[in-house]
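Structural overview for review
The chain contents come next:
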Number of protein chains: 2
Amino acid sequence: MSSADGGRGVSAYVVPTEDPHMSEYPPEHLKFRQYISGFTGTAGTVVVTTDAALLWTDGRYFLQAAAELGPEWTLMKAGTAGCPDLEDWLATNLPQGARVGIDPWVHTVNSVRNLQRKLEDAGKVLVPLLSDGNLVGNIWGEGRPPAPSTPLRVHDMQWAGEDVPAKLGRMREQMRNAGATALLAPSLDEVAWLYNTRGGDVDHNPVALSYALITADSAVLYVDTAKVVNPVAQHLAEAGVQVKAYETLLDDVAAVAATGGRLWLDPARVSYAGAPTHGSAGGAREANGDHHVSNNGGSAAAGGGVKAPFRPVELPSPVTAAKAIKNPSELAGMREAHLRDAVAVCQFMKWLEDKVGSGATVSEVEVDEVLTGFRRQQQGFVETSFATIAGAGPNGAIIHYRAQPGSCRHVDDNTLLLLDSGGQYDCGTTDITRTVHTGTPSDHQRRCFTRVLQGHIALDSAIWPEGTPGAALDPLARLPLWREGLNYRHGTGHGVGAALNVHEGPQAISMRYHITTPLAPAMVCSNEPGYYEDGSFGVRIENLVVVVEKETPFRYAGQQYLGFERLTLVPMQAKLVDTALLSPQEAAWLDGYHREVWERVSPRMQDQPELLEWLRTNTRPLAEQLGAPA
Amino acid sequence: MSSADGGRGVSAYVVPTEDPHMSEYPPEHLKFRQYISGFTGTAGTVVVTTDAALLWTDGRYFLQAAAELGPEWTLMKAGTAGCPDLEDWLATNLPQGARVGIDPWVHTVNSVRNLQRKLEDAGKVLVPLLSDGNLVGNIWGEGRPPAPSTPLRVHDMQWAGEDVPAKLGRMREQMRNAGATALLAPSLDEVAWLYNTRGGDVDHNPVALSYALITADSAVLYVDTAKVVNPVAQHLAEAGVQVKAYETLLDDVAAVAATGGRLWLDPARVSYAGAPTHGSAGGAREANGDHHVSNNGGSAAAGGGVKAPFRPVELPSPVTAAKAIKNPSELAGMREAHLRDAVAVCQFMKWLEDKVGSGATVSEVEVDEVLTGFRRQQQGFVETSFATIAGAGPNGAIIHYRAQPGSCRHVDDNTLLLLDSGGQYDCGTTDITRTVHTGTPSDHQRRCFTRVLQGHIALDSAIWPEGTPGAALDPLARLPLWREGLNYRHGTGHGVGAALNVHEGPQAISMRYHITTPLAPAMVCSNEPGYYEDGSFGVRIENLVVVVEKETPFRYAGQQYLGFERLTLVPMQAKLVDTALLSPQEAAWLDGYHREVWERVSPRMQDQPELLEWLRTNTRPLAEQLGAPA
């Protein structure tokens, strides 16, 4: 990069993880931040200046980033004392008048507004480099993976449960209520849900690079048209969805703005380049910091030939909100996926016991391969829902660890293994973490496991009134750890798509208090407290759960009360439980869960007597399991 | 009020509870909202239009407001489904072009910005009526109470613990760090804390109508100078604090702005009229919606004779933050105040038992009088710290009930009484709620009381890492109620001043997630879950607690772990506890608390053998109290 003088020369360039769709997992072709830094985690932002290279990431990735970054890099541990925000760092550390470059396709409208304001206050300039392309992409060269080209497929109505016209009808009703004449859905899973399609452009996420744009009488899918082959072409045509080339979105969005239409866009999700007032203007700053939502209908569109100023409706996407509330078919699919998945995970757990019992060792990579192999035998399996985290011993403390052949650790007959994995099935998506010890756990490991289990149980058992956000429940999962002076550096629960992305919003169970979306009936979340001792071991216990109505003795103020139904049905290892720490209620919860696992999963194992016996043994009451010799 | 035509004629006028200092409890002279509406609660906002009169208030006051408002009033139940925000109501219900009037002294900078934006979006106009005075004050006439005139007094160093120069030094350090050249403290308790003075202008709050303005080399108290008599005049002079007339603040603040100074003001606390860019401009709107904080020092002041635009430092007041962290002398004073208070409350509880035991009935007003009488006998008692809430039977369900002579209910030998009261002492401030039954509680009352008690215990027993906001702990106090389908419509805990206002910030234990102030060591809070059954009864259990460091077996990430120490030491009534619902840990908590009460309070009762015996009886282990006949 050139010096700060002249032209659009910039003295710093910001590279986030995101692609133009703000995907958590971009396709390999668009992993700019990973290419430039070497850091492979799913969250992090790079700043390259004329004399420094920095990566900001969060507590899940401190150890991994430290291992992957070269010596020329500075690791910025976001959220720890003394670590400035990226914006503040730029504002403070660059010379007066410095120009900071970005690719406006990979930054949201909100993040650009925020960065613009902070830099301006500090006498610096933000320069969105639209016509220059992505500076990292420009230097990537031959090694760059090609753009993905997997054809789309139809998501079967058996599992989708609602056809495209019905979904469009619901979105249009909300557009009318919000005074919007058009709606832009920029996230890949929004498009897939809306049009009942699935794709294969991104590892683990069954989505395709695409946008959706809806008006009162049209619905368009912007995608590489080569991916639209039959039967999906026919499916879309029958649903009245028009297919257009991916690149034409910007023209159509600009046309909405030019004709005075009011476009619904979420400034926290839509890229700066994709918002119509910025798209064609490129580097020039347009002061849109004062945009805000108004509800006085489409009056701006009434001027006919007069060109009215563009006034978007800036609200979270109604597609994201609708997608989070699963319909009965989606819930049936999720339950079915978890039964298939339970068989595969149990097969693996028995296999591992037998293997290390025979004196063999198993590498972390082999753990992944064998487990995925069992899943692959299940009906409707498509792929893993994320990269398997198989952390043996100290690797269990690396929260989003990814084992590499050659360098990975091995499981022997005395290893604590943290195993976080999941599957994409035709009918649904799974995500499960079990922590198992292949030998005799230490008292300290049992104590830590039991505290994590108590947090898991407290959250699973909670009852709360409608309207409560997930943030209110997050501390329940931490309290038993806090009492010991322990904690974990990640949220307790994320939303999960139905045969879609394993991470989805808008709900979350975390201490990010700005997420105020209530936990509503038919939302799917994870419940995954953990504890990680750097250099030693990690514990995490994760089930997926569905929010359901609960009967309560009273209903104060007429409110509905909610709780969880468990989707994940795999035993938790009894030998890791310190029963002296459990209350009678907690012990009863674990016995009840194991009874439920036995009753629901055993019918799927009738043709595998040894596996059935393994399940019976591992779902007995806790007292019986711990009392009897193994 | 005139019609919407002509001059500054407004078609709606907004009257909040607040005075120019945003006091929760304004002096009688400034209770504009109470005068116009008749509603005496501490929270509510009135809108008067040409044909309607509306009052917005929250769940604590629905019943009280319905009882106090005349038939011409509409009660707007804030926070319930279908009730629009006041701002949205104005935006939606007034005709296009309508003008909405306010007294800019009783609205904060932030609230004016917010209202201005919402009205402008809806095609309406906000009109700050500075030169017209307060429209309610203008029609108040002869019955209006006079401006208060109580002299100031010195808050003794024994209880203040830090002298004024030391406090000023700490504030000036923070001003330098924030790039501010002056600091405006608009809240009455900020001024009192900063200058170690107390006043008597407001019932229950030992404060005086005043402002403080600090620069690097000056500290001014703006107050009715007639209130500054010796020894307070000498105290202020020795501390280097200049006393000026209350009304001269605006000139001095304008001078700071005019000379390019950077004034630190909290836009959420400073009145719109008091912020220098607005003060002299009166009704004319000055678009300051874009003010935001910058940290690049006092460079705006460098222009000398050139008039630079006024750039305030908009941050929460450092005085409020410092005041919330009690020093050892303040904590010693709070502990002492609670011991004195415990004796008075126990005296009352014994008196009530004896009285109704003799067949007499006691009115709610008499409850207040007798209890306050016992407090008055205690050393250093000044006044009650808020209006006593003595709610017998159904009145207990009115969350901030105030008994009135003639209309109030009576306590007989079978009444559930909710009693929330507190005292201002020379050394500290108390706030306690006990719910007692004078006969035999119903099973349902015991069940509800026990659920509230379990919530109280869960919060009291929590351990959490530094940095955790009170919002994270609030649900702990609700979970036992939620499980029954019960809840309460108020926060669980508020900050409490040391010999100052019984409600203070910045911390809170509530589900208002925008309050992210961590609960830090030496903060004082209330712990007061409740349950209210309209028309039937109310339960609340309230102790004051101090945040203290806690020893934990581990200290993950080097973090400090925190918990509570109890200040309030008065027995909780055993007969209201349903022991079948309590866990062994909860029963042990209650026994431990009663042991603590006995050990610390009994030495203060050595000269009152009958009271001592009452305390002994009521602090025995739960099993013993419930097993033995009364």
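Note that this is a predicted model, so its numbers are computed, not measured. (Residues numbered from 1 in each chain as written. Chains lettered and ligands numbered in written order. Predicted model: local features only at pLDDT ≥ 70, side-chain atom pairs only at ≥ 80, totals over all residues. Heavy atoms only, no water.)

Here we look at the domain arrangement of chain A
Residue and element names in this part refer to chain A. For chain A, the assigned domains read domain 1 (12–143), domain 2 (153–274 + 313–320) and domain 3 (325–624). The straight-line distance from the C-alpha centre of domain 2 to that of domain 3 is 33 Å. Contact residues are listed per partner, giving 18 residues for domain 2 and 24 residues for domain 3. Summing both sides of the interface, domain 2 and domain 3 together bury roughly 1,500 Å²; the carbon and sulfur share of this comes to 49%. It is Trp-159, Asp-189 and His-204 in domain 2 that bury the most area against domain 3; as a group they hold 47% of the surface buried on that side. Between domain 2 and domain 3 we count 0 salt bridges in total. (Domains from an automatic or database assignment. Contact = heavy atoms within 4.5 Å. Buried area = accessible area lost by both parts, 1.4 Å probe. Salt bridge = Lys/Arg side-chain N within 4 Å of Asp/Glu carboxyl O.)

Description of helix α16 (residues 474–482) of chain A
Within α16 of chain A, 9 of the 9 residues are buried, which leaves the element mostly enclosed by the surrounding structure. Among the residues of α16 of chain A, those classed as buried are Asp-474, Pro-475, Leu-476, Ala-477, Arg-478, Leu-479, Pro-480, Leu-481 and Trp-482 of chain A. Residues of α16 of chain A that are buried make contact with α15 (443–461), β24 (504–509) and β26 (530–533) of chain A together with β22 (464–465), α16 (474–482) and β29 (561–566) of chain B. (Buried < 20%, exposed > 50% of the residue type's maximum accessible area, 1.4 Å probe, protein only. Helix = DSSP H or I, 4+ residues; strand = E, 2+ residues; numbered from the N terminus.)

Structural notes on the packing of helix α17 (residues 584–601) of chain B against helix α18 (residues 609–618) of chain B
Residues and elements named next belong to chain B. Interaxial distance between α17 and α18 falls to 9 Å at its minimum, and their mutual angle equals 160°. Regarding the angle of α17 to α18, the classification is roughly antiparallel. At the point where α17 passes α18, the crossing takes the left-handed sense. Touching His-594, Val-597, Trp-598 and Val-601 of α17 are Leu-612, Leu-615, Arg-616 and Asn-618, all from α18. In the contact of α17 with α18, the residues fall into 5 nonpolar, 2 polar and 1 charged. (Axes fitted to C-alpha atoms, helices over the stretch in contact; angles between N-to-C directions. Parallel < 35°, antiparallel > 145°, perpendicular 65-115°, else oblique. Left-handed = near helix turned anticlockwise from the far one by under 90°. Nonpolar A, V, L, I, M, F, W, Y, C, P; charged D, E, K, R; others polar.)

Describing the sheet that holds strand β21 (residues 432–437) of chain A
All names here are of chain A. Sheet architecture is open: 3 strands sit in the order β17-β19-β21, paired in antiparallel fashion. Every interior strand has two partners, whereas the edge strands, β17 (389–392) and β21, have only one. Strand-to-strand twist in this sheet, taken as the mean axis angle between neighbours without regard to direction, amounts to 10°. As paired strands, strand β19 (residues 416–421) and β21 are joined by 6 bridges and run antiparallel to one another. Of the residues in β21, the one forming a bridge with Asp-420 is Thr-433. With respect to the sheet, helix α13 (residues 328–357) is in contact with β19 and β21, its orientation differing from that of β21 by roughly 20°. (Pairing = 2+ DSSP bridges.)

Points about the interface of chain B and chain A
Tallying the contact residues gives 42 residues for chain B and 42 residues for chain A. Contact with chain A buries surface across chain B, with Tyr-513, Phe-554 and Tyr-556 of chain B losing the most and accounting together for 21% of the total. Between chain B and chain A we count 0 salt bridges in total. For the pair chain B and chain A, the interface holds 14 residue pairs in polar contact (both at pLDDT 80 or more). Looking at the side of chain B that touches chain A, the elements that each hand over two or more residues are α4 (109–121), α15 (443–461), β22, α16 and β26 (530–533) of chain B. Per-element accounting of the side of chain B that touches chain A gives the leading share, 4 residues, to α16 of chain B. (Polar contact = N/O pair within 3.5 Å; in protein donor to acceptor, adjacent residues only side chain to side chain.)

Focus on unusual backbone geometry
The peptide bond linking Asn-230 of chain B to Pro-231 of chain B adopts the cis configuration, its omega dihedral lying at 5°. Within the fold, Pro-231 of chain B resides in the loop between β11 (219–223) and α9 (232–238). Of note, the bond from Gly-505 of chain B into Pro-506 of chain B is cis; its omega dihedral lies within 30 degrees of zero at 5°. When you line up the elements, Pro-506 of chain B lands in strand β24 (residues 504–509). One non-glycine residue, His-204 of chain A, lies in positive phi territory at about 75°. Inspection of the secondary structure puts His-204 of chain A in the loop between β9 (197–198) and β10 (210–215).

A closer look at helix α18 (residues 609–618) of chain A
All names here are of chain A. All buried positions along α18 are accounted for by Leu-611, Leu-612, Trp-614, Leu-615 and Asn-618. Taken end-on, α18 shows its buried residues confined to a sector of 155°, consistent with a single buried face. Along α18, the residues that are exposed and aim more than 90 degrees away from the buried face are Pro-609 and Glu-610. Next to the buried residues of α18 lie α13, α17 (584–601) and α19 (622–627). (Arc of directions from axis to C-beta.)

Digging into the UniProt feature "domain: Peptidase M24" (unreviewed entry) in chain A
Cross-referencing UniProt, the feature "domain: Peptidase M24" (unreviewed entry) maps to residues 333–549 of chain A in the present numbering. With 30% helix and 26% strand, residues 333–549 of chain A has its two end C-alpha atoms placed 19 Å apart. (UniProt positions renumbered as here; feature names shortened; annotations may be inferred.)

Quick word on the packing of aromatic side chains
In this structure the tally under the stated criterion is 23 aromatic pairs over all chains. For the pair Phe-39 of chain A and Tyr-61 of chain A, a centre-to-centre distance of 5.6 Å together with 80° between the ring planes defines the contact as edge-to-face. With Phe-39 of chain A in the loop between α1 (32–37) and β2 (45–49) and Tyr-61 of chain A in the loop between β3 (53–57) and α2 (62–68), this residue pair connects regions lying 22 residues apart in the sequence. For the pair Phe-39 of chain A and Tyr-61 of chain A, a shared accessibility class is recorded, and that class is buried. Put simply, the rings of Phe-32, Tyr-35 and Trp-140 of chain A touch in pairs and so form one group of aromatic residues. Of note, Lys-167 of chain A hangs over the ring of Trp-193 of chain A, and the distance from its end group to the ring centre comes to 4.1 Å. The aromatic ring of Tyr-488 of chain B is capped on one face by Arg-478 of chain B, whose charged end is 4.0 Å from the ring centroid. (Phe/Tyr/Trp six-rings, centres within 6.5 Å; stacked < 30°, edge-to-face > 60°. Lys NZ or Arg CZ within 6 Å of the ring centre and 35° of its normal.)

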